Amino acid sequence: MSALGDAMSASRADEMRRAARALLRRPLLRATDPAFVLIRRYAPELREWFDRNTGWRLHIDSEVARLVKQPADTTDTTHPARDVRSKQPFGRRRYVLTCLALAALERADAQITLGRLAEQVVLGAADPELVTAGVEFTLSSRAERSDLATVVRLLLDLGVLTRVAGDEEAFVKDTGDALYDVRRRVLSALLAAPRGPSTVTAEGFEDRLAALLYEIPPTTDDLRNQRIRHRLTRRLLDEPVLYYEGLGDAERAYLTSQRAAITARITELTGLVAEARAEGIAMVDPFDDLTDVRMPESGTEGHATLLLAEHLAQHPNRAVPLEELHRYLRRKGDEHRTYWRRNATDPGAEVELTENALGRLEALRLVDRADGFVTALPALSRYALAEPTLQEAK
């Protein structure tokens, strides 16, 4: 009986871990996702854990599960929304179009065509404040139709829309249209903020963002410690590396005394393993599926990133000029011409390769970029290669 009980307990722990990892990997999950059944089964335990340790709210109904996460760092620009197909990051206009499309869908019928959605977005883009801000969207060019199609593909991926007929490429080419079902419960669960944006009266981006994410200040020591625990756990779950240098005095003191307890709770729920160093903590994923940026990775970009990491790790205390990195990858391109894709060694290709590689390293908190210089952060030292040593035979 004891062995059976242990097996059942281990099975429950494994199922709950899979449910939690699914939510962390994709905080908005449709009922069609294989993990949805497990999330509903362990909903009380998951709600209690996320509320106690992160302050994040978990909403579950018959159609959608939504982990309402609050970002630990609102200044991080290294994980943008991306085109589902090309993986290119969203620019300013695509973000604006996403907001306008969601506002139009909120007022739409149960079904909508892409052409009709485009008309509503054009009307929204005519708002005087958007015009004054330099936003222009009139559907007069293929590039504008392509931007809207990219936004729609994101909404399809999120589950806000379901394609019924047609495709986005026909709309881009101006030769056809597409029809979608609007999933209202998914749409209503999409916004993750403590308050509605329409209630914010502050002016200016920074002030509006601060008002949107405002939390009532803690008034007791217990509440202050709880707030610190929430912030630290959020960062350990969301960020590749948590550096002590980026913490305030109170956060650093709390983490020093509670590090083992905090990381143990995360490990128990998610399977992530704490790697603690003198400079900070990284929660390492042995299953390698809780990240949107992998390293190492195959392909030309992946190899170039690894080479650049190795090079920068040899200069841990030096701000390396961007031009030096361009020259370095140009030389490496010549060395690996046989294995890299053909156009990767064209004149000037090293600039794009360097930018892509640094974007990946920055997203992983391995480098810092400023004013045309790149500085290795402590965690990059794991990619440093020591000089080979020879031992005399005895």
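Refer to the structure presented above.
Residues numbered from 1 in each chain as written. Predicted model: local features only at pLDDT ≥ 70, side-chain atom pairs only at ≥ 80, totals over all residues. Heavy atoms only, no water.

Caption draft 1: Structural view of the sheet that holds strand E6 (residues 178-182). Strands sit in the order E4-E6-E5 across an open sheet of three strands; the sheet is antiparallel. Looking along the sheet, the strands with just one partner apiece sit at the ends: strand E4 (111-113) and strand E5 (161-166). Sheet twist, expressed as the mean angle between neighbouring strand axes with direction ignored, is 30 degrees. Both E4 and E6 contribute to a ladder of three bridges, which runs antiparallel. Across the sheet, residue isoleucine 112 finds its bridge partner in E6, namely tyrosine 180. Sheet contacts for helix H7 (residues 142-158): E5 and E6; angle to E5, the most-contacted strand, approximately 120 degrees. (Pairing = 2+ DSSP bridges. Helix = DSSP H or I, 4+ residues; strand = E, 2+ residues; numbered from the N terminus. Axes fitted to C-alpha atoms, helices over the stretch in contact; angles between N-to-C directions. Contact = heavy atoms within 4.5 Å.)

Caption draft 2: Representation of the side chain of glutamate 251 within the structure. As for its placement among the helices and strands, glutamate 251 is situated in helix H12 (residues 249-270). Among the polar contacts listed, one links the side chain of glutamate 251 to the backbone nitrogen of glycine 248, at a separation of 3.2 Å. Discounting chain neighbours no more than four positions away, the residues touching glutamate 251 are Ile228, Arg231 and Leu232. (Polar contact = N/O pair within 3.5 Å; in protein donor to acceptor, adjacent residues only side chain to side chain.)

Caption draft 3: Region of interest: the pattern of salt bridges. By the definition in use, this model includes 34 salt bridges. The salt bridge partner of aspartate 83 is arginine 153, with a shortest N-O separation of 3.5 Å. Highlighted residues: aspartate 83 in the loop between strand E3 (64-68) and helix H4 (92-106) and arginine 153 in helix H7, separated in sequence by 70 residues. For the pair formed by aspartate 83 and arginine 153, the shared burial category is buried. A salt bridge links glutamate 301 to arginine 341, with the nearest nitrogen and oxygen atoms 2.4 Å apart. (Salt bridge = Lys/Arg side-chain N within 4 Å of Asp/Glu carboxyl O. Buried < 20%, exposed > 50% of the residue type's maximum accessible area, 1.4 Å probe, protein only.)

Caption draft 4: Seen up close, unusual backbone geometry. Even without being a glycine, leucine 139 presents a positive backbone phi close to 65 degrees. The residue leucine 139 is located in the loop between helix H6 (128-132) and H7 in this model.

Caption draft 5: Region of the structure containing the nonpolar core. Ranked by size, the top nonpolar core spans 36 residues in total, and within it Leu23, Ile39, Leu46, Phe50, Leu232, Leu255 and Ile266 carry the most contacts. The set of elements that each furnish at least two residues to this core consists of helix H1 (2-25), helix H2 (36-41), helix H3 (43-53), strand E2 (57-60), E3, helix H11 (221-238), H12 and strand E9 (280-284). In this structure leucine 255 touches Leu232, Leu242, Tyr244, Leu247, Ile262 and Ile281, once residues within four positions along its chain are discounted. In terms of nonpolar packing, the next biggest core, distinct from the first, is built from 35 residues, Leu100, Ala118, Val135 and Val182 among them. (Core = buried A, V, L, I, M, F, W, Y, C linked by side-chain atoms within 4.5 Å.)

Caption draft 6: Local environment of the side chain of glutamine 70. Checked against the element boundaries, glutamine 70 lands in the loop between E3 and H4. Take glutamine 70: its relative accessible area is 11%, and that puts it in the buried class. Not counting residues up to four positions away in its chain, the partners in contact with glutamine 70 are Trp56, Ala192, Ala193, Pro194, Leu213 and Arg234.

Caption draft 7: Summary view of the packing of aromatic side chains. Evaluated as defined, the whole model comprises three aromatic pairs. Pairing tryptophan 49 with phenylalanine 50 gives two aromatic rings, centres 5.4 Å apart and planes at 85 degrees, and the pair type is edge-to-face. Among the aromatic residues, those joined into a ring-pair cluster are Trp49, Phe50 and Trp56. (Phe/Tyr/Trp six-rings, centres within 6.5 Å; stacked < 30°, edge-to-face > 60°.)

Caption draft 8: Layout of the sheet that holds E2. Spatial ordering of the open sheet is given by E1-E3-E2, a layout of three strands whose pairing is antiparallel. Of all strands in the sheet, those bounded by a partner on one side alone are strand E1 (28-30) and E2. Each strand axis lies, on average, 10 degrees off the axis of its neighbour in the sheet, ignoring direction. Across the sheet, H3 is in contact with E2 and E3; its angle to E2 comes to roughly 155 degrees.

Caption draft 9: Main features of the packing of helix H13 (residues 299-313) against helix H15 (residues 349-363). One can describe the packing of H13 onto H15 by two numbers: an axis separation of 9 Å at closest approach and a directional angle of 70 degrees. When the interaxial angle is binned, H13 and H15 end up roughly perpendicular. Residues Thr300, Glu301, Gly302, Ala304, Thr305, Leu308, Ala309 and Leu312 of H13 form the contact with H15, whose participating residues are Leu353, Thr354, Asn356, Ala357, Leu358, Arg360 and Leu361. Residues of the contact of H13 with H15, tallied by class, amount to eight nonpolar, five polar and two charged. (Parallel < 35°, antiparallel > 145°, perpendicular 65-115°, else oblique. Nonpolar A, V, L, I, M, F, W, Y, C, P; charged D, E, K, R; others polar.)

Caption draft 10: Expanded view of the pairing of E6. Side chains of E6 alternate between two faces, with Ala178, Tyr180 and Val182 buried and Leu179 and Asp181 left unburied. Across five bridges, E5 lies against E6 in antiparallel orientation. Opposite threonine 162, over in E6, you have aspartate 181 as the bridge partner.

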